[in-house]
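# A closer look at the structure
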Amino acid sequence: MLVLWKNRTKLERLFILIIAIGLIYGIVVTAQKGYYKYKYFKTVEKDYVRAKDSIKALNFRLSKLTEKQTTKTKTVQKASTNIDKKLKQDEATIDNSVIDDTELNAYITKHEGS
């Protein structure tokens, strides 16, 4: 190898050195790019997983809230049905009572001031 180096002219030696330095520079730059690309994609993957977990948590909260509101709506609907039944029952009682309107008005007038 050393014999091949000694048989070269100065210009050939310079070109060989430039090629060797360029080759080393290319290898270093490629390795750095690969390393930074690896780190970048690891960060992107971590952000993706975090966002995915956040979406799952929000969907879980949303389903719990929806379930809670459905339960409350059903409770309110049952209460409304009971109120309507009681109102109809009271109307039927008033319609079937023996008290006439004048007695009822007198009772209301008597207790209005209280």
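### Describing the pattern of salt bridges
A complete count under the given rule lists 2 salt bridges for this structure. Here Asp47 makes a salt bridge to Arg50, at a shortest N to O gap of 2.9 Å. Of the two residues, Asp47 and Arg50 both sit in helix α2 (residues 10-96), 3 residues apart, roughly one turn of that helix. The partner of Asp90 in a salt bridge is Lys86, with the nearest N and O atoms 3.3 Å apart. With Asp90 and Lys86 both in helix α2 and 4 residues apart, this pair spans about one turn of that helix.

### Let's talk about a nonpolar patch on the surface
Residues Val98, Ile99, Leu104, Tyr107 and Ile108 make up a contiguous nonpolar surface patch of about 540 Å² in total accessible area. Within the element layout of this structure, Leu104 appears in helix α3 (residues 101-112). Given a relative accessible area of 40%, Leu104 falls into the partly exposed group.

Definitions and cut-offs
- Residues numbered from 1 in each chain as written.
- Predicted model: local features only at pLDDT ≥ 70, side-chain atom pairs only at ≥ 80, totals over all residues.
- Heavy atoms only, no water.
- Salt bridge = Lys/Arg side-chain N within 4 Å of Asp/Glu carboxyl O.
- Helix = DSSP H or I, 4+ residues; strand = E, 2+ residues; numbered from the N terminus.
- Patch = residues over 30% accessible without salt bridge, like charges linked within 9 Å, V, L, I, M, F, W, Y side chains within 5 Å.
- Areas by Shrake-Rupley, 256 points an atom, 1.4 Å probe, with all protein chains shown as cover.
- Buried < 20%, exposed > 50% of the residue type's maximum accessible area, 1.4 Å probe, protein only.

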